[in-house]
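Here is what each chain is made of, one letter per residue.
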2 protein chains.
Amino acid sequence: MDSHTLSGLLGRRGSLQHPWSSVVQPPEGTIGFGGGVPDPQTLPLAQLDAASRAVLAQEGVAALQYGSSMGDIVLRERIAERVTRRHGVETPPDHIVITTGASQALDIVCATFLDPGDIVITENPAFTGSLWTFRAHGARLLPVASGSGGLDIDALDETLSGLRAAGDRPKLIYVTPDYHNPTGAQMPAESRRRLVDLAADAGCLIVEDVAYEEVGIDGIDAPSLLSLSPGGVVQASTFSKMIGPGLRIGWLTGAAPAVLYSAANRTDMGTSVTLSRMLARFLADDALDPHLERVRQVYRRKRDAFDQAARENMGPLASWTAPRGGFFFWLKAREDMDVPRLWELAREERVSFAPGFRFFVEDDPPMPYMRFAFSEVSIEDINEGLRRLGRAVERLLKDG
Amino acid sequence: MDSHTLSGLLGRRGSLQHPWSSVVQPPEGTIGFGGGVPDPQTLPLAQLDAASRAVLAQEGVAALQYGSSMGDIVLRERIAERVTRRHGVETPPDHIVITTGASQALDIVCATFLDPGDIVITENPAFTGSLWTFRAHGARLLPVASGSGGLDIDALDETLSGLRAAGDRPKLIYVTPDYHNPTGAQMPAESRRRLVDLAADAGCLIVEDVAYEEVGIDGIDAPSLLSLSPGGVVQASTFSKMIGPGLRIGWLTGAAPAVLYSAANRTDMGTSVTLSRMLARFLADDALDPHLERVRQVYRRKRDAFDQAARENMGPLASWTAPRGGFFFWLKAREDMDVPRLWELAREERVSFAPGFRFFVEDDPPMPYMRFAFSEVSIEDINEGLRRLGRAVERLLKDG
């Protein structure tokens, strides 16, 4: 079949442009602030090695056979205990579904609830991967501004009133209340309370993305949306940021009927039992909390180093709020700075970041933003990377 | 949110009945011929343990970080070599996508090519999980009979002519040419040649399911569809039957543009790098072929035992052809036998099988078929299980 015939067979989704299809590999020696990748020194290799040996030696065949579409029961028990403890919501293992990362958790929610054209309200900006998933499912995305104070609740109220007046109803509201990707923001408690009330009034489900929730630095001083509305929220989470993204193990929990419908809607016969058992053992050994404590210390030092280095090298040329957790600084460049041009010059100086426009819903997004992930890069490279960025800025200002 | 409000939010797919939602757990002590599950004695635990230790010790961090949506390059290289060798089609690693089992390989092909209402031609009967995936994507399924000689090519020809006359075109033709699930059949070489020609004339893509291809017993004496039409076929495969389903590692390969579009269409950020690296090491150690040789000997003994025990206990009451590979016997009960009733009586006798109607497309499927998986059960239990079935048959005939 020639490629013309083949491309004629593509469906709506197959014809979409993937958001990362335009991402180019940076040149050798580049210091990369591009991706939300954990610090390599923090990955608990020895503990996972021990857990994997124990699983294959002691559980043997059970770890290599099919699980269920809910996922491995042993891991679900461990996660259920953790969710119950963290969110103060009594969560039995049967309200947990193991997924291929938080991304698949979101995918099966979309598969279950969205028909093409259905309305999804999302924070704007938001994680590009999630926006892609909504688009893949044909959602009509309605953006609501989200800044350093998190989702703008008044703007949400207005959007919902507009929909109500038009006789429309959103199906989902997608929110990342803690350590937002890309903005790093935390939503205040008062906004959270108003959010769950507004969603309840609108009769729509909240999807709470908590992928970064447990890689805090200063901690979270507000209740989760799940804890405020156990029957109106589903939570997508993952071990990717806590332990290692290569595992691809996440979960979906929250409003039980939504979770159960979503589990029934997957088409992949479940997530790896082998890996689930390894992780369950790691969790059963009470290894996660001390591990996370160490991880948080590492990210605290890196965040502070980035903040300091950014002040020294970007000074008055950009504004930002240092995040209380998560992996990202979200910088807004001074009005006279051409960020796409800066991105090119930075590339020449061998430093990279994620241009902020990628995280916005609009076809014509705002351009002055830049997302820097401080998580993967060493402190030495954070300092050197920002010196390089400083040189790129100097060149930009001289050229401009 | 009350469950009434929530169920009102469900989309088309969320409202579908999942094919396995009605499957009930058999009573304690049941000998289960229900699922296509590998023999537990054959799972290469020690080798996987060694591979996992080597990966975490020697590759460390690389095995725990993100891969790409194509999947881990190291495993893709190993699979590409194997596909090239087995199918005689030069396949670079960039034409392999690692997936969560063959089921996700099929899912991303559907996500890429199907809009609701698009036509998919499928063998009938076919694997229930695949039919579910097509339905989840809103396909209009057109069944073509598939029996002990595999897909009925004349019937396919007729179906395609009918579509052409109506101005319609199928997007996909779904076929399992080797060790078919559920029928166990192999498609003869001549049928395969006619199939690829018909698909090319119709301008549609063939999806070749080769999940069982490498768990043969007597071997395959016909070319794969991929080898006959490298540009017109995508292949979905998996390590589930060869090594262990708990891994959930499969792959998609074949017509390169279709494979690449499908990889771009996933929403889960790739399949586990950790597990992919473990498997790559297992493959690099040349452990797979000797392992498969041992596995085939096990399944040969089990197949022969089942065949013999079925003759002794079902004798003239059912007809079947012993499969040349794969995991299944497909029995057609004598006309006067009520299979759903037999299933119930068998359950009381503590032996289970998969009722054949589950594998048919029609709302009103043929009822006399039964699928028996001989793969997981020990030879002792095969013999005992068929004695129990014999007792259930006696009771059925006496009652009836």
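The structure reproduced in this document is the subject of the present report. (Residues numbered from 1 in each chain as written. Chains lettered and ligands numbered in written order. Predicted model: local features only at pLDDT ≥ 70, side-chain atom pairs only at ≥ 80, totals over all residues. Heavy atoms only, no water.)

### Structural notes on the environment of Gln235(A)
Residues and elements named next belong to chain A. Mapped onto the elements, Gln-235 comes out in strand β8 (residues 233–238). Classification of Gln-235 as buried rests on a relative accessible area of 1%. Separated by 27 residues in the primary sequence, Gln-235 and Glu-208 have C-alpha atoms spaced 4.7 Å apart. At 3.4 Å, the side chain of Gln-235 and the side chain of His-87 are in polar contact. (Helix = DSSP H or I, 4+ residues; strand = E, 2+ residues; numbered from the N terminus. Buried < 20%, exposed > 50% of the residue type's maximum accessible area, 1.4 Å probe, protein only. Polar contact = N/O pair within 3.5 Å; in protein donor to acceptor, adjacent residues only side chain to side chain.)

### Focus on the interface of chain A and chain B
Interfaces are often described in size by the accessible area the parts lose on coming together. The partner chain B presents 73 residues to the 73 residues of chain A that form the contact. Per-residue buried area on chain A facing chain B is highest for Leu9(A), Leu64(A) and Thr267(A); these three make up 12% of the total on that side. The tally of links from chain A across to chain B stands at zero salt bridges. Across the chain A-chain B interface, the total number found is 41 residue pairs in polar contact (both at pLDDT 80 or more). Partitioned by chemical class, the residues of the side of chain A that touches chain B number 32 nonpolar, 28 polar and 13 charged. (Contact = heavy atoms within 4.5 Å. Buried area = accessible area lost by both parts, 1.4 Å probe. Salt bridge = Lys/Arg side-chain N within 4 Å of Asp/Glu carboxyl O. Nonpolar A, V, L, I, M, F, W, Y, C, P; charged D, E, K, R; others polar.)

### What to know about the sheet that holds strand β13 (residues 354–355) of chain B
All names here are of chain B. The four strands are arranged β10-β11-β14-β13 in an open sheet whose pairing can be described as antiparallel. Here the strands that pair on one side only, and so sit at the sheet edges, are β10 (318–319) and β13. Inspection of the sheet shows strand β11 (residues 328–333) paired to strand β14 (residues 369–373) by five bridges, in the antiparallel sense. What sits directly across from Leu-331, in β14, is Met-370. (Pairing = 2+ DSSP bridges.)

### Overview of the nonpolar core
With 100 residues, the main nonpolar core has Leu195(A), Phe239(A), Leu195(B) and Phe239(B) as its most contacted residues. In this view, Leu195(A) contacts Leu151(A), Ile153(A), Leu156(A), Ile173(A), Val175(A), Met187(A), Ile206(A) and Leu225(A); residues no more than four positions away in its chain are not counted. Counting residues in hydrophobic clusters, the runner-up holds 41 residues, among them Val298(A), Ala318(A), Met370(A) and Ala392(A). (Core = buried A, V, L, I, M, F, W, Y, C linked by side-chain atoms within 4.5 Å.)

### Observations regarding the packing of helix α2 (residues 45–59) of chain A against helix α2 (residues 45–59) of chain B
Packed helices, taken two at a time, are described by the angle their axes make and the gap between the axes. Following both chains from N to C, one finds α2(A) and α2(B) inclined at 180 degrees, their axes separated by 10 Å at the closest point. Relative to α2(B), the element α2(A) lies roughly antiparallel. Contact residues: Leu45(A), Leu48(A), Asp49(A), Ser52(A), Arg53(A) and Leu56(A) in α2(A); Leu45(B), Leu48(B), Asp49(B), Ser52(B), Arg53(B) and Leu56(B) in α2(B). Here the residues of the contact of α2(A) with α2(B) are counted per class, giving six nonpolar, two polar and four charged. (Axes fitted to C-alpha atoms, helices over the stretch in contact; angles between N-to-C directions. Parallel < 35°, antiparallel > 145°, perpendicular 65-115°, else oblique.)

### A few points about the packing of α2(B) against helix α10 (residues 273–284) of chain B
Residue and element names in this part refer to chain B. Remark: α2 packs on α10, axes separated minimally by 8 Å, with the N-to-C direction vectors making an angle of 115 degrees. Crossing handedness for the pair α2 and α10: right-handed. Counted together, Gln-47, Leu-48, Ala-51, Ser-52, Ala-54, Val-55, Gln-58 and Glu-59 of α2 and Arg-277, Met-278, Arg-281 and Phe-282 of α10 form the full contact between these two elements. Each residue belonging to the contact of α2 with α10 can be placed in one class, and the counts come to six nonpolar, three polar and three charged. (Left-handed = near helix turned anticlockwise from the far one by under 90°.)

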